[in-house]
Amino acid sequence: MEDPRSDLQADASEREAAPDFDELTPPEDVVRGDRTRDDFFDAVLGLDSPATASEVADRAGHGVDAAREYLDWFEQMGIVTQVTTAPATYKRNQEYLNWRRVQTLRSEYTSEELLDLLESESERATALEREFDAESPSAISLTRYAAATDQSIEDVWEQLTAWQTARRRISLIERALTTQSSDVTDLESVA
């Protein structure tokens, strides 16, 4: 390997000076630097109940002032809604999340693929409805059903969760299909 040109080489004093590692930016700050918004977004998506700016800041790993700014912005965007004012608490806006999921389905799948997914999820939901002999998962008592069928509570819980998931997916897929068909109708009426 050849030495660099002399004008690119460090002089003797530069070579002797060791870097001050204490003055370097910590690696976690370098990695998180441009992701502050994403950190707060992830924090609010994980909310199961209303939370204060301080609680959101803790979840995101950032300061409370930054949390207040992002929560205000997220509220303007419809991602969260403010529940109380003193102290200010926020909850995630589930309708916004559902809308995003519908938009994702519309952009990633064709109508035919969505119809196939709808059929598959509908069959799954119908099979679970028959198995539990009930109209909805909320009508089932976990402990009573487990005892009556000699299954573990965990197994019954997993089946009920799968049923709830199938029902949610059906709803989202139907919305994606309905939205797509109304868009086609709108385009046809304009032409």
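Refer to the structure presented above.
Values in this document were obtained by computation on a predicted structure and should not be read as measured data.

So, how was this worked out
- Residues numbered from 1 in each chain as written.
- Predicted model: local features only at pLDDT ≥ 70, side-chain atom pairs only at ≥ 80, totals over all residues.
- Heavy atoms only, no water.
- Helix = DSSP H or I, 4+ residues; strand = E, 2+ residues; numbered from the N terminus.
- Buried < 20%, exposed > 50% of the residue type's maximum accessible area, 1.4 Å probe, protein only.
- Axes fitted to C-alpha atoms, helices over the stretch in contact; angles between N-to-C directions.
- Left-handed = near helix turned anticlockwise from the far one by under 90°.
- Contact = heavy atoms within 4.5 Å.
- Nonpolar A, V, L, I, M, F, W, Y, C, P; charged D, E, K, R; others polar.
- Salt bridge = Lys/Arg side-chain N within 4 Å of Asp/Glu carboxyl O.

Novice: Can you break down the environment of histidine 62 residue by residue, with the values?
Specialist: Mapped onto the secondary structure, histidine 62 falls in the loop between helix H4 (53-60) and helix H5 (64-77). The class for histidine 62 is partly exposed, based on a relative accessible area of 22%. Remark: the alpha-carbon pair of histidine 62 and phenylalanine 40, spanning 22 residues in sequence, is separated by 8.3 Å.

Novice: Can you explain the packing of helix H3 (residues 36-45) against H4? Please cite residues and give values.
Specialist: Contact geometry for H3 and H4: axes closest at 8 Å, N-to-C directions at 115°. In terms of crossing hand, the pair formed by H3 and H4 is right-handed. For the pair H3 and H4, the contacting residues are Asp39, Phe40, Ala43 and Val44 in the first and Val56, Ala57, Arg59 and Ala60 in the second. Split by residue class, the contact of H3 with H4 holds 6 nonpolar, no polar and 2 charged.

Novice: Please set out the pattern of salt bridges residue by residue, giving values where relevant.
Specialist: As enumerated under the stated definition, the model contains 9 salt bridges in all. Aspartate 38 is paired through a salt bridge with arginine 35; the nearest N and O atoms lie 3.5 Å apart. Classification of arginine 35 as partly exposed rests on a relative accessible area of 36%. Of the charged contacts in the structure, one is a salt bridge between arginine 124 and glutamate 121, with a shortest N-O distance of 3.5 Å. With arginine 124 and glutamate 121 both in helix H7 (residues 111-132) and 3 residues apart, this pair spans about one turn of that helix. Taking relative accessible area as the criterion, glutamate 121 reaches 9% and is therefore assigned buried. Salt bridges sharing common partners tie together Arg35, Arg37, Asp38, Asp39 and Asp42.

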